[in-house]
Amino acid sequence: MPDTRGNDELSLPKATVQKIVSEILPPSTGIAFSKEARDLLIECCVEFITLISSEANDISEKDSKKTIACDHITKALNQLGFGDYVPAVTEAAAEHKEVQKASIYKAYSRLHGREKKANKFESSGLSLEELERLQQEQFADAARRHT
């Protein structure tokens, strides 16, 4: 196992790992998790990610692909004997995809709504002068009704 302690690029945020561990082992269980154990867990996670991503890269290259896809990850998990993780990984990927779709849809809707307002003038088919004349007429009508 390569030594990754000196390389910040090959690590996970300690606070995030500690939070995950704390959720799994809440203080009410009475089980403590030492800093050394956390650091070892981080090293194991980095090694696991490296192993899976390396295998997935090999699979994507065999498929003549330049991007590792979810399918490559699930194949790598199966080939390395971690097939039990595939359902959870597939579910997490689907959830992530739905969150991304919702986020994109929300941004598109916001943008589309603004475009719709901007295009009201264009879709009216009237010139700026005609619209201004109509507006003045409506103001005059409103003023007559309220006096």
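A quick note: this is a predicted structure, and the numbers were derived from the prediction, not measured.

Caption draft 1: Spatial organisation of the packing of aromatic side chains. Taken as a whole, this structure holds 3 aromatic pairs when the rule is applied. On the basis of an interplanar angle of 85 degrees and a centroid distance of 5.0 Å, the ring pair of Phe48 and Phe82 is categorised as edge-to-face. Of this pair, Phe48 sits in helix α2 (residues 35–62) while Phe82 sits in the loop between α3 (70–79) and α4 (86–124), and the two are 34 residues apart along the sequence. Note on Phe82: relative accessible area 24%, which makes it partly exposed. Pairwise contacts between aromatic rings join Phe48, Phe82 and Tyr85 into one cluster.

Caption draft 2: Spotlight on the pattern of salt bridges. Tallying each qualifying case throughout the model produces 5 salt bridges. Taking the shortest distance from any N to any O, the salt bridge between Lys101 and Glu98 comes out at 3.9 Å. Separated by 3 residues within a single helix, Lys101 and Glu98 lie in helix α4, roughly one turn from each other. Look at Lys101 and you get partly exposed, because its relative accessible area is 48%. The partly exposed category is assigned to Glu98, whose relative accessible area is 48%. Two residues, Arg144 and Asp141, come together in a salt bridge whose shortest N-O distance is 2.2 Å. Remark: Asp141 and Arg144 occur in helix α5 (residues 128–145); sequence separation between them is 3 residues, near one turn of the helix. By relative accessible area, Asp141 is classed as partly exposed at 35%.

Caption draft 3: Main features of the packing of helix α1 (residues 14–24) against α2. Their axes nearest at 10 Å, the elements α1 and α2 cross at an angle of 105 degrees. By the angle class used here, α1 and α2 are roughly perpendicular. Side by side, α1 and α2 meet where Lys14, Val17, Gln18 and Val21 of the first sit next to Arg38, Asp39, Leu41 and Ile42 of the second. Considering only residue class, the contact of α1 with α2 consists of 4 nonpolar, 1 polar and 3 charged.

Caption draft 4: The side chain of Thr74, seen in detail. Note that Thr74 resides in helix α3. Among the polar contacts listed, one links the side chain of Thr74 to the backbone oxygen of Asp71, at a separation of 2.9 Å. Those residues in contact with Thr74, other than ones at most four positions away along the chain, are Val86, Val89 and Thr90.

Caption draft 5: Region of the structure containing the environment of Ser22. For Ser22, the position within the fold is in helix α1. Taking relative accessible area as the criterion, Ser22 reaches 35% and is therefore assigned partly exposed. Considering only alpha carbons, one finds Ser22 and Ala32, 10 residues apart in sequence, at a separation of 9.2 Å.

Thresholds, definitions, all that
Residues numbered from 1 in each chain as written. Predicted model: local features only at pLDDT ≥ 70, side-chain atom pairs only at ≥ 80, totals over all residues. Heavy atoms only, no water. Phe/Tyr/Trp six-rings, centres within 6.5 Å; stacked < 30°, edge-to-face > 60°. Helix = DSSP H or I, 4+ residues; strand = E, 2+ residues; numbered from the N terminus. Buried < 20%, exposed > 50% of the residue type's maximum accessible area, 1.4 Å probe, protein only. Salt bridge = Lys/Arg side-chain N within 4 Å of Asp/Glu carboxyl O. Axes fitted to C-alpha atoms, helices over the stretch in contact; angles between N-to-C directions. Parallel < 35°, antiparallel > 145°, perpendicular 65-115°, else oblique. Contact = heavy atoms within 4.5 Å. Nonpolar A, V, L, I, M, F, W, Y, C, P; charged D, E, K, R; others polar. Polar contact = N/O pair within 3.5 Å; in protein donor to acceptor, adjacent residues only side chain to side chain.

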